Amino acid sequence: MKAARVSEIPPGTAKEVAVEGKPVALFNVGGAFYATSNICLHRVGPLGQGMLDGPIVMCPWHAWTWDVTTGENASNPVLKVETYPVKVEGEDVLVKVE
């Protein structure tokens, strides 16, 4: 499902979108696109509004950090946010939610 255009998410940034009714955070890490749930497991903060440093996003509410490439919590890899497959076709960023 088309979630955004490549030009809407410059490298080092994120964008909040809804894909098939699910809140998704899209990230551009050095030109590679990743998608996770937009909901932080700590207190449901919006990950798509967080600060991205390489592949790590910091939740803007309570500073929990997540690796957007794997969904793993940077401090405790047992905790994971859901990740979704991403494909770029031309200018379209496609995300598959399951």
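Here, every reference points to the structure presented above.
Residues numbered from 1 in each chain as written. Predicted model: local features only at pLDDT ≥ 70, side-chain atom pairs only at ≥ 80, totals over all residues. Heavy atoms only, no water.

The next thing to look at is the state of the cysteines. This model, assessed by the stated rule, comprises zero disulfides. Free of any disulfide, Cys40 has its nearest cysteine sulfur in Cys59, 3.9 Å distant. Residue class for Cys59 comes out buried when judged on its relative accessible area of 4%. (Disulfide = S-S within 2.5 Å. Buried < 20%, exposed > 50% of the residue type's maximum accessible area, 1.4 Å probe, protein only.)

Applying the stated criterion across every chain, the model contains one aromatic pair. When the centroid spacing of 6.2 Å and the interplanar angle of 35 degrees are considered together, the rings of Trp64 and Trp66 count as tilted. A residue is classified by how much of its surface remains accessible, and Trp64, at 29% relative accessible area, is partly exposed. Residue Trp66 is classed as buried on the basis of its relative accessible area of 1%. (Phe/Tyr/Trp six-rings, centres within 6.5 Å; stacked < 30°, edge-to-face > 60°.)

Our next topic: unusual backbone geometry. Positive phi outside glycine occurs at Glu20, with the angle close to 50 degrees. Its place among the elements puts Glu20 in the loop between strand S2 (14–19) and strand S3 (22–29). Even without being glycine, Val44 reaches a positive phi, approximately 55 degrees. The topology assignment puts Val44 in the loop between strand S4 (32–37) and strand S5 (51–53). (Helix = DSSP H or I, 4+ residues; strand = E, 2+ residues; numbered from the N terminus.)

Turning to the environment of Glu8, a few remarks are in order. Within the fold, Glu8 resides in the loop between strand S1 (2–5) and S2. Through-space distance from the C-alpha of Glu8 to that of Asp92 is 9.9 Å; in sequence the pair is 84 residues apart. Engagement of the side chain of Glu8 in a polar contact is seen with the backbone nitrogen of Arg5, the distance being 2.7 Å. (Polar contact = N/O pair within 3.5 Å; in protein donor to acceptor, adjacent residues only side chain to side chain.)

Right, let's get into a nonpolar patch on the surface. Together, Ile39, Val44 and Trp61 line one region of the surface with nonpolar side chains, adding up to about 300 Å² of accessible area. Tracing the sequence through the fold places Trp61 in the loop between strand S6 (56–58) and strand S7 (65–67). A relative accessible area of 48% places Trp61 in the partly exposed class. (Patch = residues over 30% accessible without salt bridge, like charges linked within 9 Å, V, L, I, M, F, W, Y side chains within 5 Å. Areas by Shrake-Rupley, 256 points an atom, 1.4 Å probe, with all protein chains shown as cover. Salt bridge = Lys/Arg side-chain N within 4 Å of Asp/Glu carboxyl O.)

Strand order in this open sheet of three strands is S1-S10-S9, and the pairing throughout is antiparallel. The open sheet has two edge strands, S1 and strand S9 (86–89), and neither has a second partner. On average, adjacent strands in this sheet sit at an angle of 30 degrees to one another, irrespective of strand direction. (Pairing = 2+ DSSP bridges. Axes fitted to C-alpha atoms, helices over the stretch in contact; angles between N-to-C directions.)

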